[in-house]
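Spelled out, the chains give:
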Amino acid sequence: MVKVCLFLLLLTAAGAQLQYETKTHDVAVSLESLVPMLKLKEAYVQNFESYKQALEIQLKQVYRLIRHTEDLLEGKTAKTGHSFWQQFRLIRHMHWDWPQSLKLMQKVLGANEIAFSQERCHELPTGIDFEEALGAIYRLQTVYSLDPADMAGGILRGKRYSRKKWEPNECFMFGLVNLYVKNYETAEYWLELALFYYDAHRNPKQFETMVMKYITILEMLVEATKGFGRFSASMEHALEVLSIQPDHPYMLQLLPKLQLLESQPFKRTEPEEDYVKLKALCAKLYPRKVNDLHCSYLRSTPFLQLAAIRMEQLTNEASVNIYYELFNDEEIEALKSLTRPVLQRPEGSKNFTYKIVQFSHTKHDIIRTVNQRIQDVSGMDLNGDEMLHVVNYGMAGRYDLEDSAGSAATALIFLSNVQQGGDTVFPFLSLRVKPQKGSMLLWRNSDWSVLHKSCPLIMGNMWVATKRLN
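Residues numbered from 1 in each chain as written. Predicted model: local features only at pLDDT ≥ 70, side-chain atom pairs only at ≥ 80, totals over all residues. Heavy atoms only, no water.

Considerations on the overall build of the chain
Rule in force here: Each helix is a run of H or I in the DSSP string that is no shorter than four residues. Each strand is a run of E no shorter than two, and both are numbered from the N terminus. Summary of the burial criterion: residues with accessible area below 20% of their type's maximum are buried, those above 50% are exposed, and those between are partly exposed, where the area comes from a 1.4 Å probe applied to protein chains only. For this analysis, residues touch if any pair of their heavy atoms sits within 4.5 Å. For every accessible area listed, the method is Shrake-Rupley and the probe measures 1.4 Å; residues are considered covered only by the protein chains on display.
Each helix and strand in the chain was counted, giving 15 helices and 15 strands. The buried share of the chain, reckoned over its 470 residues, is 46%. Counting contacts in the chain only where the partners sit at least 6 residues apart, residues at least 24 apart contribute 72% of the total. Counting every atom, the chain has about 26,100 Å² of accessible surface; 55% of that belongs to carbon and sulfur.

Structure, rendered in structure tokens:
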């Protein structure tokens, strides 16, 4: 995947000036961690608006000074002689106004706004946050075989989520990611999109103050097309680079090599594919089997007699059942509120896509309620040593439950609905289960047939709770 040092080398080659930090705010591994970042963005917008007002006030003063000076010039040229009044005005203006104008030009603008930005810089996403966000998009694209043009247009697996298209710099970044992992064809696709959106943008010059310039996209396109063996296209891009910068040393050296490569056979090396198993599981269609499956209402305990719970059997081949509306919104929010302040990235985490909390059996009222509810519907006595895990997914998040060996059953509680993704798949049972808020999935760990995987979240803020039963 995206290795930090080499990826940053790519960005440096593209002209980026980045500082990499070892800390993280976890904004890509938990959507709840993204909430403070959204509030910070609002504060930054307000800060820039205040800075803009300071500049506008300064500009108005400059305009007034210009108009005043032009009036004096008109007065001077309107008559052949100078009246004592015009002479006095000119002397006063040069003696009094001009020194004031110098002070106006020397005035430091936006001192408060600059201080605000400096004070809150430490709250901005770090290099690790940025790397993990890029990795999340790459994971989504790879696992679900998403089309770059659809992604850039806000369409994911046939569903439109945004009317606003991505800007050239986003497409450029994902072109670099795919270039690094040697997915040259996909890299070219992303970079061509970056070039297209750059040309179509009403103010493309604004991007030249950022990482990406037009010539930078062309330079990366040279590398992508060369890596894919499209040497004639690579030469075209190289020539366009030279039309912008005739003394470009790398392109001057590369052109003869490309001409030589074009005349020779090229054996394309397929890149090592990432997420092969996950792609096979999550992209697969799982037709529902109806056969002898049935629904029933549980009334086996005093609680269930008061509020019967609907249970659905999901397969005949193993004990996998789902219990609908087992928890209400108030209970779910109580559990989330308890969890939010203490969510943690898993220890030794690298490439994790979620944050998690573990709660003991009797620590809080809501935890006791959840555990008792699980016991009511499962009919199993809970081992007090087993923790309740509460998980919040991040971008393209997924959470595979720990090894269930040694436990009789596993409970997975869905604490939210999502727009798309986040399914739990049982490949050996040809079964896919979508998140349904308030419901609990329960399976007996009888044999290997209940081996399962979590598919990456596509859209939504996904929460789950899990518990192993003995």
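So, next bit.
As for the packing of helix 14 (residues 329–339) against helix 15 (residues 365–378)
How two helices pack is summed up by the angle between their axes together with the distance between the axes. Which entries qualify depends on this criterion: In this description, a line fitted to the C-alpha atoms serves as the axis of each element, helices being fitted only across the stretch in contact, and the angle between N-to-C directions of two axes falls anywhere from 0 to 180 degrees. In this scheme, roughly parallel covers angles under 35 degrees and roughly antiparallel covers those over 145, while 65 to 115 is roughly perpendicular and the rest are oblique. Handedness of a helix crossing follows the sense of rotation of the near helix relative to the far helix, less than a right angle counterclockwise being left-handed and clockwise being right-handed. Residues were grouped as follows: Ala, Val, Leu, Ile, Met, Phe, Trp, Tyr, Cys and Pro as nonpolar; Asp, Glu, Lys and Arg as charged; and all remaining residues, including Gly, as polar.
Interaxial distance between helix 14 and helix 15 falls to 10 Å at its minimum, and their mutual angle equals 130°. With respect to their mutual orientation, helix 14 and helix 15 come out oblique. Crossing hand, helix 14 versus helix 15: left-handed. Residues Glu331, Ala334, Leu335 and Leu338 of helix 14 pack against Ile366, Ile367, Thr369, Val370 and Arg373 of helix 15. Tallied by class, the residues present in the contact of helix 14 with helix 15 amount to six nonpolar, one polar and two charged.

Comments concerning helix 5 (residues 127–143)
To keep it simple, the criterion reads: Between the first and last residue of a helix there are one fewer steps than residues, each counted as 1.5 Å, and that sum is the expected span.
For helix 5, built from 17 residues, the straight-helix expectation of 24 Å at 1.5 Å per residue is met to within 8% by its first-to-last C-alpha distance of 24 Å. Burial analysis of helix 5 places 15 of its 17 residues in the buried class, which makes it a mostly covered element. One or two steps after helix 5, the chain reaches serine 145, where phi turns positive at roughly 50°.

Focus on a nonpolar patch on the surface
The test is simple: Like charges within 9 Å and nonpolar side chains (Val, Leu, Ile, Met, Phe, Trp, Tyr) within 5 Å are joined into patches, using only residues over 30% in relative accessible area that form no salt bridge. Any carboxyl oxygen of Asp or Glu that lies within 4 Å of a side-chain nitrogen of Lys or Arg is treated as forming a salt bridge with it.
A grouping of Leu59, Tyr63 and Ile66 is seen on the molecular surface, where their side chains present a nonpolar patch of about 280 Å² in accessible area. When you line up the elements, isoleucine 66 lands in helix 2 (residues 31–78). Given a relative accessible area of 39%, isoleucine 66 falls into the partly exposed group.

What about the environment of tyrosine 399?
To keep it simple, the criterion reads: Here a polar contact means two N or O atoms within 3.5 Å. Within protein one must be a hydrogen donor candidate and the other an acceptor candidate, and residues neighboring in sequence count only if both atoms are side-chain atoms.
Considering the arrangement of structural elements, one finds tyrosine 399 in the loop between strand 7 (388–393) and strand 8 (409–414). For tyrosine 399, a relative accessible area of 4% puts it in the buried group. Here the alpha-carbon distance between tyrosine 399 and threonine 353, two residues 46 residues apart in the chain, equals 7.4 Å. Ignoring any residue separated from it by four or fewer positions in sequence, one finds tyrosine 399 in contact with Tyr354, Ile356, His389, Val391, Tyr393, Ser454, Val464 and Thr466. A polar contact is formed between the side chain of tyrosine 399 and the side chain of histidine 389, at a distance of 3.4 Å.

As for the confidence of the model for the chain
Rules: The pLDDT score gives, residue by residue, the confidence of the prediction method on a 0 to 100 scale.
Chain-level statistics for the chain give a pLDDT mean of 84 and a share of 86% at 70 or above. Considering only residues more than four positions removed or in separate chains, one finds that residues 1–9, a stretch of pLDDT under 50, has 20 contacts. Segment residues 12–20 is flagged for pLDDT under 50; beyond a separation of four residues in sequence, or across chains, it makes 13 contacts in the model.

Side note on the side chain of glutamate 32
Relative to the assigned elements, glutamate 32 resides in helix 2. The buried category is assigned to glutamate 32, whose relative accessible area is 17%. Discounting chain neighbours no more than four positions away, the residues touching glutamate 32 are Arg340, Leu343, Asn392, Asn461 and Trp463.

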